[in-house]
Amino acid sequence: MEKLKPTLLLFSLLIIPFFTFAQKNTFVKQLIPDYINLQYGGSIGYFSGGVGYYFLNEKTTVSLHYGFVPKSKGGPINILTPKFAYRPFEIKINENLRWQPINPTIFVSYTLGRNFDKEFDPNQYPDGYYWWSTALKAHLGFSTEVKVLGNPKAAIKAVSLYAETNTNDLYAVSWFENRTTTPITRIFFMGYGVRLKL
Amino acid sequence: MKKITAYLSICFITLISCNGVEFSPNQKFRDETPQNVNKTQIEKLKPKNAGERIRIAVSGDTQRKYREAALFVDQINARNDIDFVILNGDISDFGQLLEFEGVYNIYSKLKVPFISIVGNHDLVANGPSVFRRMFGDFNFTFKYGDVKFVCFDSNSREYNFNGLVPDMNWLSANLKLEADVKNIVAFSHIPPDDADFDPKLRPVYEQLAINTPGFLASVHAHQHSPDRTYRPNGSNIPFIITNAIVNKAYTVLDIYNGKIETYPTTF
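Residues numbered from 1 in each chain as written. Chains lettered and ligands numbered in written order. Predicted model: local features only at pLDDT ≥ 70, side-chain atom pairs only at ≥ 80, totals over all residues.

Asker: Account for the confidence of the model for chain B, with residues named and values stated.
Answerer: Of all residues in chain B, 93% attain a pLDDT of 70 or more, and the chain-wide mean is 93. If you check the scores for this complex, the pTM reads 0.90 and the ipTM reads 0.86. (pLDDT = per-residue confidence, 0-100.)

Below is the structure:
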């Protein structure tokens, strides 16, 4: 937990101004995230938290997440993840309920820590010895999301619940080589989350 | 309505296309991950009388080649003469849990026990933690019949040639005959004459092996090339480098009457 403190502190510092100075200044107001995102699993942490913005009439979202895997769940692992999602469809179920049935998502996870690096140390390995990065992974995901609209004047204007399945570059490479014997379903893994619209 | 049906089906596919929740591709274990596989497999070895012929199938480097690994398992299961299998390192390619589990799931279908040794690719990222929890120690020994098998970590480059790998103190202590043991065979992933083996420790290891009474052979993998044997310092002790699962090849080792013979096999 000690090792985590700086990361958590940094994360808090990033978020706090959004709430404190939000009302006063229009420039700062633009920086206020549009939503807060909490997620279980989804390959970016046992639990992760993030903030994000809507673009293009809420059809796309861009967010940044910090995730943590505790020792008891196969960690400790700390992960930073920028995430980009496209929401092509929205179905109005009733006055207050919307469903975004399928949302393609791209994200890049960066695993922190000394066992991980964006490239292998050139002083230790000959050129091209290992070709991949242990820290950086590109993920492709698909989510389905249900959005409950609330009072547009309230602090939390809508609550979304979603399920997301994802895979990553190295899994995809491995699957492709074994595509005749391994079903693609073997490389997709789930995450579940909640999005609170501010 | 048509639209909704289409959406529904897409969502259904999305949701079933998964194997449960993943916390990170680098996580060290999941609830389902097996533990102490080497210990369990060694306990499964069928009793062997002293002096009886021992026949082992050895190959390394499964690395992402799940199809080849499955073919290998079928091959070994089809012949009924193998006592056990050695997976001589590079179980995984990226040191990821999913890879170790993938190979384990295939090898656990073997009718005979399999014993796994750590390779350089298994020591990448969180690989060391995955291997240690799932398979066990990097350096270990076991006895079968009247032969002692000494398995060790020789992936020196992964430790940036720090002079501690292979662990010569551990090897000196374990390359020793004991009661009921007539011969010793050593297994490790990186061959001593490879650039990834600590060049300072190569002569030390070779000399220790040659000087060990009852030492039959040192068996390695890593090079993904046809079987090769060299005998250092004019000795008659074979240092055998076997082919790889990725090349659809394994080597049968016959140990009988204080002698070892090798039969390279492809499938």
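On we go.
Asker: Break down the environment of Phe 47 of chain A for me, citing the residues and quoting the values.
Answerer: Residue and element names in this part refer to chain A. Within the secondary structure, Phe 47 is located in strand β2 (residues 47-55). Exposure remark for Phe 47: the 17 C-beta atoms within 10 Å place this residue in the partly exposed category. Sequence spacing of Phe 47 and Gly 67 is 20 residues, and the spatial spacing of their C-alpha atoms is 5.6 Å. Those residues in contact with Phe 47, other than ones at most four positions away along the chain, are Tyr 40, Gly 67 and Phe 68. (Helix = DSSP H or I, 4+ residues; strand = E, 2+ residues; numbered from the N terminus. Buried ≥ 20, exposed ≤ 12 C-beta atoms within 10 Å, placed from the backbone. Contact = placed C-beta atoms within 7 Å.)

Asker: Give a description of helix α3 (residues 66-78) of chain B that names residues and reports values.
Answerer: Residue and element names in this part refer to chain B. Under the 1.5 Å per step criterion, the end-to-end length of α3 is 18 Å for 13 residues, consistent within 8% with the ideal 18 Å. Taken together, the buried positions of α3 are Tyr 66, Glu 68, Ala 69, Phe 72 and Ile 76. For α3, the angular spread of buried residues about the axis comes to 160°, placing them on one side. (Expected span 1.5 Å × (residues − 1). Arc of directions from axis to C-beta.)

Asker: Report on the packing of α3 of chain B against helix α4 (residues 97-107) of chain B, specifying residues and quantitative values.
Answerer: All names here are of chain B. Packing of α3 against α4 brings their axes to within 9 Å, and their N-to-C directions diverge by 20°. When the interaxial angle is binned, α3 and α4 end up roughly parallel. Between α3 and α4 lies a crossing of right-handed hand. Within the contact between the two elements, α3 uses Tyr 66, Ala 69, Ala 70 and Val 73 and α4 uses Gly 102, Val 103, Ile 106 and Tyr 107. (Axes fitted to C-alpha atoms, helices over the stretch in contact; angles between N-to-C directions. Parallel < 35°, antiparallel > 145°, perpendicular 65-115°, else oblique. Left-handed = near helix turned anticlockwise from the far one by under 90°.)

Asker: Which residues make up the sheet that holds strand β9 (residues 239-241) of chain B, and what values do they have?
Answerer: All names here are of chain B. Here 6 strands make up an open sheet; going across it, the order is β4-β5-β6-β7-β9-β8 and the pairing mixed. At either margin of the open sheet sits one strand with a lone partner, and together these are β4 (140-144) and β8 (228-230). Across the sheet, the axes of successive neighbouring strands diverge by a mean angle of 20°, strand direction being ignored. Note that strand β7 (residues 215-220) and β9 share 3 bridges and pair parallel. Its bridge partner lying in β9, His 220 is registered against Ile 241. (Pairing = 2+ DSSP bridges.)

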